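# Results of the structural survey
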Amino acid sequence: MSNEFSRRNFLQLGAVTAGALAVGQMLPPAVARAAEAAGMLNSSGDGYVPSMCEMCVWRCGLLARVKDGRVVKLEGNPEHPHSRGHLCVRGQSGLFNTYDPDRVLNPLIRVGKRGEGRFRKASWDEALDYTASRMLQIKETYGPEAMVFSSTHNLSQVQFENLLYAFGSPNYGTQRSLCFNAMIVANMMTYGMEEPERIYDEDLQYIILTGRNLMEAISTSETGELSAAIGRGVKVIYLDPRFTKTAAKATEWLPIKPGTDLAFHLALLHVIIGEGLYNHRFVDSYTVGFDELAAEVEQYTPEWAAPLTEIDADTIRRIAREFAAAAPHALAHNGWRTSNFINSFQTQRAITILNALVGNWNVTMRAAGGEGSSALGSIPQPPYPRISAQRLDHVPARFPVVPLKLGVFQELRDSILTGDPYQAHGWFISRQNPVMSLPDRAKTLQAFEMMDFIVTVDIIANDTAWFSDVILPEASYLERYDPLLPVGDRAYLRQPVIEPQGEAKSALWIYKQLGERLGLGDYFQYEDEEDYINQQLAPLGVTVDDIRSKGYVDLPPGEEIGFEWNTPSGKIELFSDTLARVGFSGVPVWDAPPEPPEGQFYLLTGKVGQATQFGTQNNQMLHKYADEPRLWFNDTVAEDRGLADGDWVEVISEVGKAHIRLRVTPAIRPDCVYLTPGYGHLSKGLTTAFGLGASDSALHVTYTDPISGSQALSQTFVTVRKV
Amino acid sequence: MAHQVNNPRYGFLIDASYCIDCRSCMVACSVENEVPMDSTRIWIKETGITGKYPDLKRFTAPFHCMHCKDPSCVSACTVSALTRSEDGIVNYDQDLCIGCRYCIYACPFGVPNYEWDEPLPLVVKCDMCYARLAEGQQPACAATCPTGAIQFGKYEDMLAEAHRKISEQPDKYVQHVYGEEENGGTATLYISPVPFEELGFPIAGETSPAYSNRLVTEGTPMVAGMMLVGLSGAYLTIKHIKEEAAREREEAEKEKLAQAAVEEN
């Protein structure tokens, strides 16, 4: 696999496709034919096809420009609320994922040792038969629970779950506990929904962002909305130990001490309640538990919070008053992956409660539905087998308020390594890279060693695929259908823009094929991808061919949700009886985070605009425009230690080591270092990314928030020494 | 022979206060125009992180061809590979380019990029995505910018918008529209919360070097032309000289023919 990429071979982009088409010409070019019939492509195969981006989970609408059977450019679809005509840097680079010369285009079966990267090509029949036989062998010998299934948030996940439930395993790993469990569980406990929608209207006056780095963790529409708000003069308070690109745009950057966001927010609650600045009418009408909350936060004065947060008391008091004065046109953003300490659940609760106290409901926040819609048809499924085995991630036994669909992924490995309560033997992974995503990479690889069989579905030989026994090549998001995605009053279509390259197939096809070979065919009652979508569309009286050229279908308007919440009390729960009944505090309480010992630093993580987690470092266009991954190090501390920009250092945590170059900068607190995440790949099948940067997952220690199950990603402490 | 400099039809208005350094414009441009992987038509200019922890600032702005009203690069190009269209787009024709790099030295903004690694190197620069304009689309960078930092439209509208913004928010913006006067005026206009030199923008004069070149070349065509060729200064406008010379020769030829015709009669 050559890694050379000059203009001359830029022009040859898609040579792989051309080759594939040459072979496939005996078959009708279904994608082009359908697109032409729908009027999207002219007779020479040029035109625009609407679909959905998959470079992150925001899933913007896109228009793919197609020329001679190749995607040559992606545009933001003006008809989609997440893109509004724009695509972010990753979205613009998307065709380089599809045309990555490292794509796996045939099913592969391992021939060398695990991790050696030696595979042989196999036919789909052979690869699927082999995979199914190994899975059945494990099921028959040890029971279905001995198979672990894991997959990261994607549109075909509903059929992945179908496969897992039909197979009968309780062991389901999602990325959510590594990402936003704290936020989601806190919202569920307070509002009875996963995540209220935020409203950036013309009247908005004040925003508090708690580590929400929206200018680098880009969600195209929300980043644009925040940017426009700042342009209008909205005051933005930004808490982050780093001077990020969001900090550079904020009205005030507060370099808060890691792990103390909770203290800051508890002090805001103290001031707002103590000074009577909350919305009395709203609190009386729509919340429960105000008295318990008031009693708890009475102790959390700004003077108490100041030494903890290293933000002075006057600033905290002023921000509380400003926020309340701006309300209801004020928004405390929940953040996303602020689950960086084991107290982050309480931080998230405090933020949700701050919003509720000032009565900004239906002004700057409102109810948001999930990803389903009752207006769409569903695919018939027989009842699933009853599962009696307990889960290896101890949900709900040890994590009673964590929903099963979220799980606590990082806790799985100890059960695998100890064989307690039972031994897992197989791992089915789809569109996920746990070798890079889970903390303590060495432990993940140890857990892999315990497996009799590992199979990975992906478009590329990611690090997990590299250590697998079978790789099933998935079609990229520009080559396949996925189930429809409702957003607002429309359901959007992901449709193939080009034919799948090589032998790549959609996840819907792969799961069905496997299901049939596992004797679970009754659970997959769709002929093919188009039939799947037609079954979804049936209640609306249209077919996929009718919606192809627009890329969406209108849904009947949903009911307006006013002032009601799906909580046990039907109100916003400042005090949560659900939490209290399982032994947690019903109101947010201070929980002191650990601090690094003398001579060590907080290891911070956080996104960069030109990457999505660890899945895009091999994208050559993103690689071209991304900064070199480095370790941020405070300039004053560097001077004291005789370290200079560009020096190579060794970073050592309790569980791992990494070598990386320093970026000496004033843009980080002196007690912190920050490592560009997602690098340090192990797979040599990633010829662009391999050898770049260092792995944060190799350094992260596993710390799990006992309430929400979130991995505490900033609670790892490291030493740094020059090499 | 006064040189007519018309206003461009289209213009960019780039507002540094909105740029988040996401580089979406760079990728959109590179994909749209199949820019070589080791080159680019857009850069991010930046102040770097300034100040002392924790009082820090950082500003950035995308930077590409200014599309001068009177482009120095056009006047420096010996083979008319660079031209200014009637719409005010400074175009580049790679089939005519001989790779002499005079344009690179002539441009006061440091815009034309060069394929240093290629055996037959070409110049790489923004052409305002004229192929997209012809289809009624915005240039790729402006179309995709998630924050609206890059706006595109009629030049007069962009200029008016720039002045509206800086006068409505005098505390936020430096009271200067970069590109309104620089190098004789450009189709790409900038406004910024920090002085432009802090962003690394060149301090360009209000007249284009092309203008002084023409004063010389148009005033004393042959003699000065020969001298200029002899000096072969990078800023000097060989193309104009050649054109002027050709025209003069042509005219002289015509005159001669006319003279001959008269004499014949």
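Reading guide: rules and limits
Residues numbered from 1 in each chain as written. Chains lettered and ligands numbered in written order. Predicted model: local features only at pLDDT ≥ 70, side-chain atom pairs only at ≥ 80, totals over all residues. Helix = DSSP H or I, 4+ residues; strand = E, 2+ residues; numbered from the N terminus. Rg over C-alpha atoms; globule rule 2.2 N^0.38 Å. Buried ≥ 20, exposed ≤ 12 C-beta atoms within 10 Å, placed from the backbone. Contact = placed C-beta atoms within 7 Å. pLDDT = per-residue confidence, 0-100. Core = buried A, V, L, I, M, F, W, Y, C linked by C-beta atoms within 7 Å. Nonpolar A, V, L, I, M, F, W, Y, C, P; charged D, E, K, R; others polar. Pairing = 2+ DSSP bridges. Axes fitted to C-alpha atoms, helices over the stretch in contact; angles between N-to-C directions. Parallel < 35°, antiparallel > 145°, perpendicular 65-115°, else oblique. Left-handed = near helix turned anticlockwise from the far one by under 90°.

### Describing the overall build of chain A
Each helix and strand in chain A was counted, giving 25 helices and 27 strands. Whereas a compact globule of 723 residues would reach a radius of gyration of roughly 27 Å, chain A reaches 25 Å, a difference of no more than 12%. With the C-alpha coordinates aligned to their principal axes, the bounding extent of chain A is approximately 75 × 65 × 55 Å. By the burial criterion, 59% of the 723 residues in chain A qualify as buried. The contacts of chain A with a sequence gap of at least 6 include a subset with a gap of at least 24, amounting to 73%.

### Regarding the confidence of the model for chain B
Residue and element names in this part refer to chain B. Residue-level pLDDT values for chain B average 84, and 78% of them are 70 or greater. Contacts from residues 217–230, a stretch scored under 50 in pLDDT, to residues over four places away or in other chains number 23 contacts. Across residues 232–238, where pLDDT falls below 50, the model places 19 contacts with residues more than four positions away in sequence or in other chains. The ipTM value of the predicted complex is 0.94, and its pTM value is 0.91.

### Quick look at the nonpolar core
In this structure, Val185, Leu266, Leu268, Leu269, Phe323 and Val673 of chain A are the most contacted members of the largest nonpolar core, which totals 285 residues. Not counting residues within four places of it along the chain, the set of residues in contact with Phe323 of chain A comprises Tyr206, Ile208, Leu268, Ala330 and Val358 of chain A.

### Examining the interface of chain B and chain A
Each partner contributes to the interface: chain B provides 29 residues, whereas chain A provides 39 residues. Elements represented by at least two residues in the side of chain B that touches chain A include exactly helix 1 (24–32), strand 4 (55–57) and helix 5 (140–144) of chain B. For the side of chain B that touches chain A, the element with the highest residue contribution is helix 1 of chain B, accounting for seven residues. The class makeup of the residues in the side of chain B that touches chain A is 16 nonpolar, five polar and eight charged.

### Some words on the sheet that holds strand 22 (residues 601–604) of chain A
Residues and elements named next belong to chain A. A barrel is described by the order of its strands in space; here six strands give the closed sequence 22-26-23-25-24-27, paired in mixed fashion. On average, each strand axis in the sheet is tilted by 45 degrees relative to the strand beside it, whichever way the strands run. Judged from the two bridges that link them, strand 22 and strand 27 (residues 717–722) form a sheet pairing that is antiparallel. When the bridges of strand 27 are listed, Tyr602 appears paired with Phe717.

### Description of the packing of helix 7 (residues 157–167) of chain A against helix 20 (residues 507–517) of chain A
Residue and element names in this part refer to chain A. Relative orientation of the contacting elements helix 7 and helix 20 amounts to 15 degrees, with a least axis distance of 9 Å. Classified by the angle between their axes, helix 7 and helix 20 sit roughly parallel to one another. The element helix 7 and its partner helix 20 pack so that their crossing is left-handed. In this structure, helix 7 contributes Gln159, Phe160, Leu163 and Ala166 to the contact, and helix 20 contributes Ala507, Leu508, Tyr511, Leu514 and Gly515. Among the residues forming the contact of helix 7 with helix 20, the class breakdown is seven nonpolar, two polar and no charged.

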